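Okay, here's what each chain looks like letter by letter:
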Amino acid sequence: MAEGRILTALIGLAAVLLLIVPIASAGWDYTTIINDSTDDTSGYPGFTNIVSTTYGYNATHFSFNTTLNGNLYDLGDQATPPNNDTVWLGIMLDVDKNSATGYSYQGLGGDYYIEVRVWKWNNMLNSEANLYIYSGTGGGWGWKSIGSVNFTEVVAGSTSNINITQEKASVNWVGRDFYVAIWVTYTNSTLPPTTVDYLVYGPTNALPIPELYLFVAIPLVGGAVAALAYAVKRTG
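A brief structural summary. (Residues numbered from 1 in each chain as written. Predicted model: local features only at pLDDT ≥ 70, side-chain atom pairs only at ≥ 80, totals over all residues. Heavy atoms only, no water.)

**Considerations on the overall build of the chain**
- Of the regular secondary structure elements, the chain holds 2 helices and 14 strands.
- Of all intrachain contacts in the chain linking residues separated by at least 6 positions in sequence, the fraction that spans at least 24 positions is 62%.
- For the chain, the accessible area works out to roughly 11900 Å², and carbon and sulfur atoms hold 57% of it. (Helix = DSSP H or I, 4+ residues; strand = E, 2+ residues; numbered from the N terminus. Contact = heavy atoms within 4.5 Å. Areas by Shrake-Rupley, 256 points an atom, 1.4 Å probe, with all protein chains shown as cover.)

What follows is the structure, given as structure tokens:
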């Protein structure tokens, strides 16, 4: 009988452990919307403007869904963009929240950078997205590519949504929250690369990355362990 109780408790513990991943991976554990309330594109009318971004994560991935007043593929909201035009959507992550490390921008120190690039060449639109790690010195611009990134753009009327979903393992989460800066940069044959809009979240606030599934799992595992200990005690 005692052996049966111990076996039952062990099976219960194993079942709880197997439930941890599905609990954590079902959809997003956390989402929040960051609105771009600053009028930082007033000097560049007609260019793509950041409206907001929605940030979310689960046990394995994080995601940014950025809403633009315009379309990246319009290259500055132009119906027929000329050749040599390029537009970038950049997402810079300050994962250690240390302005003294990484690329210095708006009080942040960028450690990782996700860049979506759209350009026109020979009357054809092209696009790519990559993940970079900081490789510069003294806070200056400098990045090393460490892989490609999947992105999608969904256009609805005069706005579009750019979604980037990436594995957490691709970046080094030092803490359980981080800072982010998002910007749109535009260039053509006469205009040098110019940031036409930006959104910064930090350093007075931060986006969280608590591992919520641990808070779900710990009480469950604790209960199973307690049951096992009780069963063992009953055999004494």
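The structure having been displayed, the exposition proceeds.
**Let's talk about the environment of Leu191**
- As for its placement among the helices and strands, Leu191 is situated in the loop between strand 12 (177-187) and strand 13 (194-201).
- As a C-alpha pair, Leu191 and Asp85 span 106 residues in sequence and 9.3 Å in three-dimensional space.

**Focus on the nonpolar core**
- The biggest cluster of nonpolar side chains holds 32 residues, and the ones touching the most others in it are Phe62, Phe64, Leu72, Ile91, Leu93 and Val180.
- Of all the elements, strand 12 adds the most residues to this core, at 5 residues.
- In terms of nonpolar packing, the next biggest core, distinct from the first, is built from 11 residues, Tyr113, Trp143, Ala181 and Trp183 among them. (Core = buried A, V, L, I, M, F, W, Y, C linked by side-chain atoms within 4.5 Å. Buried < 20%, exposed > 50% of the residue type's maximum accessible area, 1.4 Å probe, protein only.)

**A few points about the side chain of Ser160**
- Within the secondary structure, Ser160 is located in strand 11 (residues 159-167).
- Polar side-chain contacts of Ser160 include one of 3.1 Å to the side chain of Glu153. (Polar contact = N/O pair within 3.5 Å; in protein donor to acceptor, adjacent residues only side chain to side chain.)

**Describing the pairing of strand 2 (residues 49-57)**
- Where strand 1 (residues 30-35) lies against strand 2, 6 bridges are found, and the strand directions are antiparallel. Bridge pairing in strand 2 places Asn35 opposite Ser52.
- With antiparallel pairing between neighbouring strands as the criterion, strand 2 and strand 3 (residues 61-69) make up a hairpin whose turn holds 3 residues. (Pairing = 2+ DSSP bridges.)

**Observations regarding the pattern of salt bridges**
- Counted according to the given criterion, the structure contains 1 salt bridge.
- With its nearest N and O atoms 3.3 Å apart, the salt bridge here joins Glu128 to Arg117. You can see Glu128 sitting in strand 8 (residues 124-134) and its partner Arg117 sitting in strand 7 (residues 112-121), a full 11 residues away along the chain. (Salt bridge = Lys/Arg side-chain N within 4 Å of Asp/Glu carboxyl O.)

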